[in-house]
4 protein chains.
Amino acid sequence: MTGNTFGSLFRVATFGESHGPAIGCVVDGVPPGIELDEEDIQVYLDRRRPGQSRHTSQRREPDRVRILSGVFEGRTTGAPIGLLIVNEDARSKDYGAIKDLFRPGHADYTYHAKYGVRDYRGGGRSSARETATRVAAGAIARKILGPSATVRGALVQMGPHPVDRDRWDWNEVERNPFWCPDAVAAKTWEDFLDDVRKAGSSTGGVVEVVASGVPAGLGAPVFDRLDADIAKALISIPAAKGVEIGAGFAAVSMSGPEHNDEMRMRDGAVTFLSNNAGGVLGGISSGQDIVARLAIKPTSSVSTPQRTVNVHGEDVQVVTTGRHDPCVAIRGVPVAEAMLACVLADHLLRHKAQCG
Amino acid sequence: MTGNTFGSLFRVATFGESHGPAIGCVVDGVPPGIELDEEDIQVYLDRRRPGQSRHTSQRREPDRVRILSGVFEGRTTGAPIGLLIVNEDARSKDYGAIKDLFRPGHADYTYHAKYGVRDYRGGGRSSARETATRVAAGAIARKILGPSATVRGALVQMGPHPVDRDRWDWNEVERNPFWCPDAVAAKTWEDFLDDVRKAGSSTGGVVEVVASGVPAGLGAPVFDRLDADIAKALISIPAAKGVEIGAGFAAVSMSGPEHNDEMRMRDGAVTFLSNNAGGVLGGISSGQDIVARLAIKPTSSVSTPQRTVNVHGEDVQVVTTGRHDPCVAIRGVPVAEAMLACVLADHLLRHKAQCG
Amino acid sequence: MTGNTFGSLFRVATFGESHGPAIGCVVDGVPPGIELDEEDIQVYLDRRRPGQSRHTSQRREPDRVRILSGVFEGRTTGAPIGLLIVNEDARSKDYGAIKDLFRPGHADYTYHAKYGVRDYRGGGRSSARETATRVAAGAIARKILGPSATVRGALVQMGPHPVDRDRWDWNEVERNPFWCPDAVAAKTWEDFLDDVRKAGSSTGGVVEVVASGVPAGLGAPVFDRLDADIAKALISIPAAKGVEIGAGFAAVSMSGPEHNDEMRMRDGAVTFLSNNAGGVLGGISSGQDIVARLAIKPTSSVSTPQRTVNVHGEDVQVVTTGRHDPCVAIRGVPVAEAMLACVLADHLLRHKAQCG
Amino acid sequence: MTGNTFGSLFRVATFGESHGPAIGCVVDGVPPGIELDEEDIQVYLDRRRPGQSRHTSQRREPDRVRILSGVFEGRTTGAPIGLLIVNEDARSKDYGAIKDLFRPGHADYTYHAKYGVRDYRGGGRSSARETATRVAAGAIARKILGPSATVRGALVQMGPHPVDRDRWDWNEVERNPFWCPDAVAAKTWEDFLDDVRKAGSSTGGVVEVVASGVPAGLGAPVFDRLDADIAKALISIPAAKGVEIGAGFAAVSMSGPEHNDEMRMRDGAVTFLSNNAGGVLGGISSGQDIVARLAIKPTSSVSTPQRTVNVHGEDVQVVTTGRHDPCVAIRGVPVAEAMLACVLADHLLRHKAQCG
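Since this is a predicted model, take the numbers as computed values, not measurements.

So, the interface of chain B and chain A
Of the residues lining the interface, 107 residues belong to chain B; the matching set on chain A comes to 107 residues. A combined buried area of about 8600 Å² lies between chain B and chain A, and 61% of that area is made up of carbon and sulfur atoms. One can count 10 salt bridges joining chain B with chain A. Two residues, R307 of chain A and E262 of chain B, come together in a salt bridge whose shortest N-O distance is 2.9 Å. Counting across the interface, chain B meets chain A through 47 residue pairs in polar contact (both at pLDDT 80 or more). Looking at the side of chain B that touches chain A residue by residue, the class counts come to 48 nonpolar, 38 polar and 21 charged. Summarising the sheet, strand 11 (residues 240-245) of chain A and strand 11 (residues 240-245) of chain B pair through 3 bridges and their orientation is antiparallel. Bridging from a neighbouring strand, E244 of chain A pairs with G242 of chain B of strand 11 of chain B.

Comments concerning the packing of aromatic side chains
Within this structure, the stated rule accounts for 30 aromatic pairs over all chains. Between Y120 of chain B and F72 of chain C, the aromatic rings sit 5.1 Å apart at their centres with planes inclined by 90°, giving edge-to-face as the arrangement. Placement of Y120 of chain B in the loop between helix 2 (108-115) and helix 3 (131-145) and of F72 of chain C in strand 5 (residues 71-72) is noted, with the two residues assigned to different chains. What makes Y120 of chain B buried here is its relative accessible area of 13%. Their ring planes at 75° and their centres at 5.3 Å tell us that F102 of chain D and Y109 of chain D sit as a pair that is edge-to-face.

Some remarks on the sheet that holds strand 7 (residues 81-86) of chain A
Residue and element names in this part refer to chain A. Taken in spatial order, the 5 strands line up as 1-2-3-7-4 in an open sheet, and their pairing is antiparallel. In the strand order of this sheet, the two ends are held by strand 1 (5-6) and strand 4 (65-67), each with one partner. One ladder, built from 3 bridges, connects strand 4 with strand 7; its direction is antiparallel. Looking at strand 7, one finds that V65 is bridged to I85. Across the face of the sheet, helix 1 (residues 38-48) comes into contact with strand 4 and strand 7 while running at roughly 155° to strand 4.

A look at the sheet that holds strand 9 (residues 161-162) of chain D
If you trace the 10 strands from one edge of the open sheet to the other, you get 9(C)-8(C)-10(C)-16(C)-11(C)-11(D)-16(D)-10(D)-8(D)-9(D), paired in antiparallel fashion. The strands lining the two open edges of the sheet, one partner per strand, are strand 9 (161-162) of chain C together with strand 9 of chain D. Judged from the 2 bridges that link them, strand 8 (residues 150-158) of chain C and strand 9 of chain C form a sheet pairing that is antiparallel. Counted as the bridge partner of Q157 of chain C is P162 of chain C from strand 9 of chain C. Across the face of the sheet, helix 6 (residues 226-235) of chain C comes into contact with strand 10 (205-212), strand 11 (240-245) and strand 16 (290-296) of chain C together with strand 11 (240-245) of chain D while running at roughly 155° to strand 11 of chain C. Here helix 6 (residues 226-235) of chain D sits on the sheet in contact with strand 11 of chain C together with strand 10 (205-212), strand 11 and strand 16 (290-296) of chain D, set at roughly 155° to strand 11 of chain D.

Some points on the interface of chain D and chain B
Contacts between chain D and chain B engage 13 residues on the former and 13 residues on the latter. Roughly 1000 Å² is buried in total at the junction of chain D and chain B, and carbon and sulfur atoms are behind 59% of that figure. Summed over the shared surface of chain D and chain B, the result is 0 salt bridges. In this structure, the connection of chain D to chain B is made through 8 residue pairs in polar contact (both at pLDDT 80 or more).

Examining the pairing of strand 16 (residues 290-296) of chain B
Residue and element names in this part refer to chain B. The buried count for strand 16 comes to 7 of 7 residues, which makes it a mostly enclosed element. Neither face of strand 16 is open: one carries I290, A292, L294 and I296, the other V291, R293 and A295, and all of them are buried. Pairing analysis gives 7 bridges linking strand 10 (residues 205-212) to strand 16, with the strands arranged antiparallel. By the bridge assignment, V209 is partnered in strand 16 with A292. Pairing of strand 11 with strand 16, which is carried by 5 bridges, proceeds in the antiparallel orientation. Residue pairing in the sheet places I245 in a bridge with A292 of strand 16.

Observations regarding the nonpolar core
If you look at the biggest cluster of nonpolar residues, it comprises 349 residues, and the most contacted ones within it are F10 of chain A, F10 of chain B, F10 of chain C together with F10 of chain D. With residues up to four places along the chain from it excluded, the contact list for F10 of chain A reads V27, D28, V30, A137, I140, A141, I144, C342, A345, D346 and L349 of chain A.

Re the pattern of salt bridges
When the charged atoms of two side chains with opposite charge come close together, those side chains can pair. Across all of its chains, the model carries 126 salt bridges over all chains by this definition. For R129 of chain D, the salt bridge is made with D63 of chain D, and the minimal N-O distance between the two is 2.7 Å. Here D63 of chain D lies in the loop between helix 1 (38-48) and strand 4 (65-67) and R129 of chain D lies in the loop between helix 2 (108-115) and helix 3 (131-145), a separation of 66 residues in the sequence. Each member of the pair, R129 of chain D as well as D63 of chain D, is classed as buried. Linking R165 of chain D and E208 of chain D is a salt bridge whose minimum nitrogen-to-oxygen distance equals 2.3 Å. Note that R165 of chain D is positioned in the loop between strand 9 and helix 4 (170-173) and E208 of chain D in strand 10, a separation of 43 residues in sequence. Note on R165 of chain D: relative accessible area 43%, which makes it partly exposed. On the basis of relative accessibility, which here comes to 5%, the residue E208 of chain D falls in the buried class. Beyond isolated ion pairs, a larger network of salt bridges with shared partners links R54, K187, E190, D194 and R197 of chain B.

Brief notes about the relation of the copies chain D and chain B
With an axial shift of 0.0 Å and an RMSD of 0.0 Å, the rotation relating chain D to chain B amounts to 180°. Considering both components of the superposition, the chain copies are consistent with a two-fold axis. Taking C-alpha positions as the reference, the residue of chain D nearest the rotation axis is A353 of chain D, at 2.1 Å. When you check the interface residues of chain D against chain B, 100% turn up at the interface there too, and the contact is symmetric in its surfaces.

Criteria and cut-off values
- Sequence order as written defines residue numbering, which begins from 1 separately in each chain.
- As a convention, the first chain written is A and the first ligand written is 1, with the rest following in written order.
- In keeping with the predicted nature of the model, local features appear solely for residues at pLDDT of at least 70, side-chain atom pairs appear and are counted solely at 80 or more, and the whole-chain, interface and lining totals rest on all residues.
- Note that water and hydrogens are dropped before the side-chain values are worked out from all heavy atoms of the structure.
- By definition in these notes, contact holds between two residues if any of their heavy atoms fall within 4.5 Å.
- In short, buried area is how much 1.4 Å probe accessible area vanishes from two parts on joining, totalled over both.
- A pair is scored as a salt bridge if a Lys or Arg side-chain nitrogen falls within 4 Å of a carboxyl oxygen belonging to Asp or Glu.
- For the purposes of these results, a polar contact is taken to be a pair of N or O atoms within 3.5 Å, where, inside protein, one atom must be able to donate a hydrogen and its partner to accept one; residues adjacent in sequence count only when each atom of the pair is a side-chain atom.
- For this classification, the nonpolar set comprises Ala, Val, Leu, Ile, Met, Phe, Trp, Tyr, Cys and Pro, the charged set comprises Asp, Glu, Lys and Arg, and every other residue, Gly included, is treated as polar.
- Pairs of strands are assigned from DSSP output, requiring at least two bridges between the strands.
- Put simply, DSSP marks the helices as runs of H or I at least four residues long and the strands as runs of E at least two long, and each gets a number from the N terminus on.
- Any two rings among Phe, Tyr and Trp, with Trp reduced to its six-membered ring, count as a pair given centres within 6.5 Å; such a pair is stacked if its planes are under 30 degrees apart, edge-to-face if over 60, and tilted if neither.
- Relative accessible area decides the class of each residue, using a 1.4 Å probe on protein chains only: under 20% of the type maximum gives buried, over 50% gives exposed, and in between gives partly exposed.
- Orientation is described by lines fitted to C-alpha atoms, with helices fitted over the stretch in contact, and by angles between N-to-C directions that extend from 0 to 180 degrees.
- Joining through side-chain atoms within 4.5 Å is the link that ties buried Ala, Val, Leu, Ile, Met, Phe, Trp, Tyr and Cys residues into a set, and such a set is a nonpolar core.
- Superposition of the copies was done by least squares, using only C-alpha atoms of residues whose pLDDT is at least 70 in both.

The structure is reproduced here in C-alpha cells:
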C-alpha cells in the first residue's frame, strides 16, 4: 500500500537510502521453527555485493547482515525478523554537481515531481542499494520454500549478445563474473563489457530466473495470478523494462496447437510435453519449472555528456561520474532470484491458508 | 490478498463464472461527486462484447450493466458501487465431453490441482468472461482520472504480422474489427485470421496501451512502482505472457546514452526529447505518455486434436469445440485499456493521500 | 482499506444502500469443497429480519439471499461467492422533511461533512440495512469454522435492566423476541420496551457473544490480536459504543492474583480454572470460550422533537417518524454473532497460512 | 495482515523482543516535507520510559531512538522512516525457572500453542517492550496531524478508585507520576499503589484519551469506522480488556433523546450541545473531541504463588519475580495516546485520498 512493502502473507517492509546510516527490512509472516542464522542470508548477499570484479561497481560494501529479532536458539519464532545492514562505504563526497539537476534515466526528476524534496546523495531511496534488502528477504523466502524447491537465475543476454541455449550449463553460471550459463558467451561478454566500460557507456541485459520443484496449485484467480505477481516483483527491480513468462513474446507468433503444452501420464503423474506456459496456467502453478525473463535497461549513469534541466528550470549538461556498474543486469541476477523466491513463498502461505 | 480483488485505494472486488447466473463487482474508494450513470460504463462494455464481428466469439451476450449502489441522483456518493451483469447466453450444453479432462493451455489442470473441485462449464471462474467486470471498473477509473487523461489501446501485432508504426492512425483503430492503427495491416490480418479460423487454429497478438495526460508523480518507490503495478495488471489479463514498458526488451541492446531520455526546458516546462522510459522513471510517472505492450498467447481452444489426461489419470485426446475467439488478443485491447486506467486511478488516489 | 471490506484472508466486500435496488457482498478466500447452499445463509438472515415482532422495525423485507457464484454442485469452489439481497420494501416515501437536515445521533452530518453528497433515503449507506450482508457473510464464516465451533449470542442488558446470570439458559434465548437468556428478564423487558415504544423513545442494550470450540492458537501478536480484531468488528456494528473481552472493565478493580486464570492438567489437557481472559491471552486464543460484550446505544430515531441544524446552516427542529426499532440492540445479536464468526474464520485461515 | 503491522496508509511495521539486541519499526506513507528529528520522537519515548518513579518497572532503558532513513536535512522525504531502539538493559539472567512453564495471565501458553517455539526471555515478542515502537510511531503521527490537533491522555481510574471529573485539570496530568488529572485522586493512588506493590500484587486502570482539533469527515463507512479502528488500536495494547467511545457502556441505560447530541449553529458553525457520541457518528468524525476509554487489567506478574502447568504437562506453581509495574495502566497512557494519534493520521491520509 505504501510502496516499500512486499507481499501479503510473507511480508517484507524495507527502508534505507544509499548514503544513510543503514538499510534494512522487517520480514513478517515467517512460519515458526525454521532453522535460520545470519550466514544463511549472508551467502546470498555476498552474491549481490558490489566490487567483486572489474565488471561491477567499485563501491566497497561488506554488506554484513544482522538479525535483530524473530530468531531464537537458531530457529524462527513466528515473530517478525528485523534485518539490518549498515552502510559503510557511503562516501561523503561533494554532491554540489548533481544535487540540483535531474540525471537522465534516473528517478531524480520524478522523485522531485512527486515529493518536492529528495535525498540526492547517491540516488537516495531510488538507488539500487535497496536491492540488498530484497536479497536478504529472498534468503528467508527460500527457507520457507524448503529444500525441494530451487530458485536460480542466469544472465541470458548482454547488450545485443544472447547466450546459445544449446550450451546452457548451470554449473558455468557460478564460474564467470556474469552469471552466464554459456562459457563461450561469457568470453564474448568480457570483451564487450570492457569496451563499454572504457567508452564510459553502459549496456543492458536479460535475466532469466527458473524455479524448480514448486508444487502445482500456487497462485490465485484473476488479479493475483502467480505470473502477475512474478511480473510485478521482477519489474519492480530497478532498471527493469520488460518481463515475460514461458514462451513470452514469442508466443504471439505461435499457433494454439504449437503453443499449448500437451499432457500425458508418466509413472502415474501428469506430465507436460513442453513448457511454453512457463509453469503457470490460469495464474496457477502447474508443477513444471516456473520460467521468467526480465529485460534490464543499460545503466543510466554514463560519462557521455547529456542534456538535461535543473531544479531552477535551466537547460544544463550532465556527466555522471562515480562507481557505477556498466551493466546493472549482472547484479540483477541474484536480485531477480530473490524476488521470485519471495513471490513463491508468499503464494505458498496463501495457498496453505485457503486450500491447506 | 484473495486474488479476485484489484487495487489498494481504488478497489475492485469481482465475482462470477462463465456459466453462472451473473458476474459483477464492487468498486470501492471512488471519490464522491463524480457524474456517473450506467451508460458511462456500457459504452466500454460494448467495445469488449463478443459476437460483434466474425473474428470474435459468437456468444451472444448483451452485457447490460446495472448499478446497484453508490450513485445517487447521477453522482457518486463515496459509497461502494455494486455492478451486476447478468449472464444471458450461458447455454446449458452438454459438458460431458470435457468435464473430466484437462484442456491443454487452459487452467483446467491447475484449478483441479489447487481446489480439488471446479466449475467446468465454460471454464468457470477461469473463463475470460470475468474481463467484463474489469472493463466496467475501468470505465469508473477513467472518470476518476478525469477528462484531461486519455487511456487508449491498439493491437500492434497479430501472429507474426506487426503494424507499420509509420502508418499509425488512432482514428483507424475504431474503423476495423481489430483495433488496428494501421489500415494496411488490418487488411492483412483479416485474411490471416480467416485462414486461422478456418484451420480451427488460433493466433496471438501484441496489445499496446497508452495513457496521455497523466500527471508526473504517480507511483511509489521500490515494490509498488507504477510500472510494476501496470505489469501486474496487464499480465493478470487471461492469456497474457509478457509485458514491456517503453522501449521494453529493445532497451537491452541499446547503450545508456541512446536509451536515456534527455530533457530540455520548453515553454517553461520540463520536456523529454524521447520516451524510451515509457513515461515512468524510478517507478514514478514523468508526465510523458505511459506506454506498455502486452503479449497475448494464441487462444488455447483449438479444433486440432491434442493429447491430454483426465481426472482419472488416463491418457486421452481432446478437441475443443464451441464459440471461441481465434485471436483473443483483439478483445484484449479494451481489457488492457481498462486495467491501465484502474492502475492509474489507484495511484492517483494513493498520491493524493501522501503528497496531495 | 476502503471501509466497506472486512478481513484479510476471509474477505467480505459489501455494497448497498437502504433504499437502493439491492444490497450484497463478495465473499472471497473461502476454502473449496465446503457444502453450501442458499438455505444455509437464509436461516441466519431470517433471525436478523425486521418485522418479526412488535419490538422491531415494521419494515417488511423478505431478505431472500441469492448465491451468484463460487458454489458449484452444492460445494464451494474457492472462487469468490457473490451474494445478492434485493430491497423489496424500500418505500418511495417523501423525504422532503429530512433530506436537508441532520438528524441527531445519525450519520447525516458526518457523511455530509465527509462526502458533500449523500443518499438521504433511509440513511443510505449509513443505514443498519447493511448488516444483512454481515449476517450472510457470517453464515459462510461458520461453515469455515466447522461444526466443532459454535458462535452464539444473547442480549444481556436492555436499558438499565441486566439479566440475572444465575438464570442463564441458552435455550431460552430462542424462545423470546429479545434473544434473552433469562426468562424473567425477558418478561421485564417486554413491558419496559412497550413503554419505551409508546413514549416514542428508545433504549440501549448489551449484547454478549460467545464462541466455543475455537482451537488455541488463533490470533497474532501486537496489532492484529484476536481480541483487537474482535473489538473492531463489534464496534463497527451500527450504534455500538463499547466492547469488552472476558472480565472487561470489571478487570480494572481486580487484583492480579484474582484476575489471572490459573491452569491445571485435567485428563491430559491444559485446563483453565476461570475465564477472566475471555479466551484470549496476548492476543491469541487459549482454547477457552471466547467471550465479548458490546454496548449498543439507544436508537437515534425518536419521535421527541430535537434541536438540530440543516444544510443551509439554519437552526431547526426534527421529529423522526418511520418504522424504527425502539431497541436496535435486539437485532444486534445475530449481527454480533456474525461478526465474531467472521473474525474467527479470518484468523483460522491466517493461522493455517503461517503455522498450519 | 501479519500481525505486527499497523495501518493502511500510515503504515508501521514493528519488530523486536524484550531481550533481543534491539526493537524498531519502519514507518511508511509519511507525507514529505515534514520537519522531523530524533528529539521529536525522543520526547514521547521519555514519557513511556520505565524506571522513572517507584511506581513503574525498575528496568533501566534509555530508549534512545535513532532515525535510520526517510529524513533528509531535517525533513521527511516520503521514503520509509526506519527507527531503531537498542535494548540496553536486557539482563542475561537465568530463565531456568520459567522457560518451561506458562505464567498465568501471560501469553506463554498461547504463544506455545500457536508457534511451538517461543523466546521466553522477558516474554519475548509478547512483552510490553514493543510499545516503545508504538510511541515512536505515534510521535510521527502527531506530526502528520499537525499543530492544530492535540492528542492527550490521562489515567481516570486506578483499581477501584476513579478520578472526580469535577476536579479534572489537564495541567495536573504532568505533575504526578500517574498521568492523573485529579490531584486528590493522585494522592489516594499513591498510597493504594504502595500497598499493592508491597503486597506483591497488582492492579488495573482506565486510560482516557482525547483528541481535539480533529477535522470532521475522518473515517469510513461500515467496517473501517473511525471508532472501530480506534477500538482495535487501543485493545491491541498489552493488557487491554475493554474500550468505549464517548458515553460508552453508560449509553445503554440512556434514552435516545438523552443520548443524542443535539446541534445548533454558533458563530456560523455547526455546534453540538453535548458529546455522548465521543466525536464519532456513523464511524466518521464530527469535529468534536474524540474521546475513548481503555480498561487495562492488573499486571499479570505477581509474587503470589499461582497454579499453572508446564510444557511437559505437569501441574506446577509459579511465582513471578523481576522488575514489573504494579499497574501497567500508568505506562499505558502514552501508549494509548500514540495509538490514537496513529489511527487519526492513517484516516487523515485515507480521507485525503478519497475526498481530498
